[in-house]
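The residues making up each chain are set out below.
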Amino acid sequence: MDLAYIPSPSTGVIDLGPIPLRGYAFCIIIGVFIAVWFGNKRWVARGGRSGTVADIAVWAVPFGLVGGRLYHVITDYQLYFSDGENWVDAFKIWQGGLGIWGAIALGAVGAWIGCRRRGIPLPAWADALAPGIALAQACGRWGNWFNQELYGKQTDLPWALEISEGPNRVAGTYHPTFLYESLWCIGVALLVIWADRRFKLGHGRAFALYVAAYCAGRAWIEYMRVDEAHHILGLRLNVWTALIVFVLAVAYIVISAKVRPGREEIVEPGAAEEAAEAAKAGDAEGVEAAENDADSKDDADSKDAEGDAAKAAVKTLEKNDTAEKAKNG
């Protein structure tokens, strides 16, 4: 008998009246909001305009969702196009099945379109968004928990994940690979934030570091999974993908550092000038406020001086009157 384990939800859908709230979709949406919010903060800190990240995300997110779904359907085509399977299920994204490799690849195409329209460099935008994407993945992995999917080998560890009987799964306790990857993604985000502050990464190197660090974790986590997958030379397809992408990301970091060292000084044309004008306007308002305060203080001092003079005159008159009375008396 297991003394402790991570329970799985009895259902991945909560019906809010006529509207079904699906746990998988909810986790993805929360992840997108976190990525855009945090990416905007980093973009503004780099000298960009607030709101630019969200404007480009309008292009990147739909492309990323389509790319992620395409990668999953292509690499697991047997789930949808084999005998007895319904190909319409390939469009049911809420049932799970998004490949991060396709999401990043096609999402980058959407981001490139958005960046081109705004006249800003894609690598700089990607650097700002990199840790936010890792945090978004950390949230999105909990969608697998709602769907009771993508778990690892059986285990009796205290943090084992309880899986109930269902289609294509056997009841038992398994390694919670969704949790391992979620925690790993949080670590990747912290690594990128630290490295970016320490080494002033630019020209896409912060994004490449995120990719390399994620791939390093994904390789061993993928190796633990027991869901059906294609194998090449004894390794799961996604393990090979992680290894290849890891090498490409590291190579990019090394080559980019030699070809384009340092960090972009301007990430969004016109943003610096607007910030300077806003600062000048703020300074002007501050000077005017200071002058008004000084005038108010001068008026108050003048009134105080007039009051003191009046009091002194009254006292003098009183003294003279008292002296004259004493003399006549």
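Coordinates for the structure precede this section.
Summary of the structure given here. Quick caveat: nothing in here was measured; it's all calculated off a predicted structure.

What the protein contains, in helices and strands, is ten helices and six strands. Residues classed as buried in the protein amount to 38% of the 329 residues present. In the protein, of all internal contacts separated by at least 6 residues, the share reaching a separation of at least 24 is 72%. Total accessible area on the protein stands at roughly 19300 Å², and carbon and sulfur atoms take up 65% of it.

Our focus in this paragraph is the pattern of salt bridges. As enumerated under the stated definition, the model contains 13 salt bridges in all. Two residues, Lys92 and Asp89, come together in a salt bridge whose shortest N-O distance is 3.0 Å. With a relative accessible area of 24%, Lys92 lands in the partly exposed category. A salt bridge links Arg225 to Asp227; the shortest N-O distance between them is 3.1 Å.

With that settled, consider the packing of aromatic side chains. Across all of its chains, the model carries eleven aromatic pairs by this definition. Summarising the aromatic geometry, the rings of Trp142 and Trp145 are spaced 5.6 Å apart at their centres and angled 80 degrees between planes, so their arrangement reads as edge-to-face. Taken together, the residues Trp142 and Trp145, both in helix H6 (residues 142-147) and three residues apart, mark about one turn of the helix. When its relative accessible area of 31% is taken as the criterion, Trp142 is described as partly exposed. Considering the side-chain rings of Trp184 and Trp220, the 6.1 Å spacing of their centres and the 80 degrees angle between planes classify their relative orientation as edge-to-face.

Look at helix H2 (residues 52-75): 34 Å from first C-alpha to last across 24 residues, which is about the 34 Å you get at 1.5 Å a residue. The largest bend in H2 is about 35 degrees, located at Val58, with the proline Pro62 one to four residues further on.

Let us look at the side chain of Arg236. Here Arg236 shows up in strand S6 (residues 235-236). Among the residues examined, Arg236 registers a relative accessible area of 6% and is labelled buried. Within the structure, the side chain of Arg236 is placed 3.5 Å from the backbone oxygen of Arg225, a separation counted as a polar contact.

Once that is clear, we can look at the packing of helix H7 (residues 177-199) against helix H8 (residues 205-224). Put simply, H7 and H8 touch, their axes get as near as 9 Å, and they point 160 degrees apart. Classed by the angle they form, the pair H7 and H8 counts as roughly antiparallel. In this structure, H7 meets H8 at a crossing whose hand is right-handed. Here Thr177, Tyr180, Glu181, Trp184, Cys185, Val188, Leu191, Val192, Ala195 and Asp196 of H7 come into contact with H8, specifically with Ala206, Leu209, Tyr210, Ala213, Tyr214, Ala216, Gly217, Arg218, Trp220, Ile221 and Met224. Split by residue class, the contact of H7 with H8 holds 16 nonpolar, two polar and three charged.

What follows concerns the pairing of strand S2 (residues 19-22). Here strand S1 (residues 13-16) pairs with S2 via four bridges, running antiparallel. From the neighbouring strand, Ile14 faces S2, where its bridge partner is Leu21. Connecting the antiparallel pair S1 and S2 is a turn made up of two residues, with Gly17 showing a positive phi of about 70 degrees.

The next thing to look at is helix H1 (residues 23-45). In a regular helix each residue adds 1.5 Å, so 23 residues correspond to 33 Å; H1 covers 33 Å between its end C-alpha atoms and thus fits that length. Along H1, the residues that are buried comprise Gly23, Tyr24, Cys27, Gly31, Ala35, Phe38, Gly39, Asn40, Arg42 and Trp43. Contacts made by the buried residues of H1 are with S2, H2, helix H5 (122-140), H6 and H7. Once H1 finishes, Gly47 follows within two positions and takes phi at roughly 110 degrees, a positive value.

Further remarks concern the packing of H2 against helix H4 (residues 100-118). H4 packs onto H2 with a crossing angle of 150 degrees between their chain directions and a minimal axis gap of 6 Å. If you check the angle between H2 and H4, you find them roughly antiparallel. Between H2 and H4 the crossing geometry is right-handed. Class assignment of the residues belonging to the contact of H2 with H4 gives a composition of 13 nonpolar, eight polar and three charged.

Criteria and cut-off values
- Residues numbered from 1 in each chain as written.
- Predicted model: local features only at pLDDT ≥ 70, side-chain atom pairs only at ≥ 80, totals over all residues.
- Heavy atoms only, no water.
- Helix = DSSP H or I, 4+ residues; strand = E, 2+ residues; numbered from the N terminus.
- Buried < 20%, exposed > 50% of the residue type's maximum accessible area, 1.4 Å probe, protein only.
- Contact = heavy atoms within 4.5 Å.
- Areas by Shrake-Rupley, 256 points an atom, 1.4 Å probe, with all protein chains shown as cover.
- Salt bridge = Lys/Arg side-chain N within 4 Å of Asp/Glu carboxyl O.
- Phe/Tyr/Trp six-rings, centres within 6.5 Å; stacked < 30°, edge-to-face > 60°.
- Expected span 1.5 Å × (residues − 1).
- Bend = angle between axes of the 7 residues up to and from the residue.
- Polar contact = N/O pair within 3.5 Å; in protein donor to acceptor, adjacent residues only side chain to side chain.
- Axes fitted to C-alpha atoms, helices over the stretch in contact; angles between N-to-C directions.
- Parallel < 35°, antiparallel > 145°, perpendicular 65-115°, else oblique.
- Left-handed = near helix turned anticlockwise from the far one by under 90°.
- Nonpolar A, V, L, I, M, F, W, Y, C, P; charged D, E, K, R; others polar.
- Pairing = 2+ DSSP bridges.

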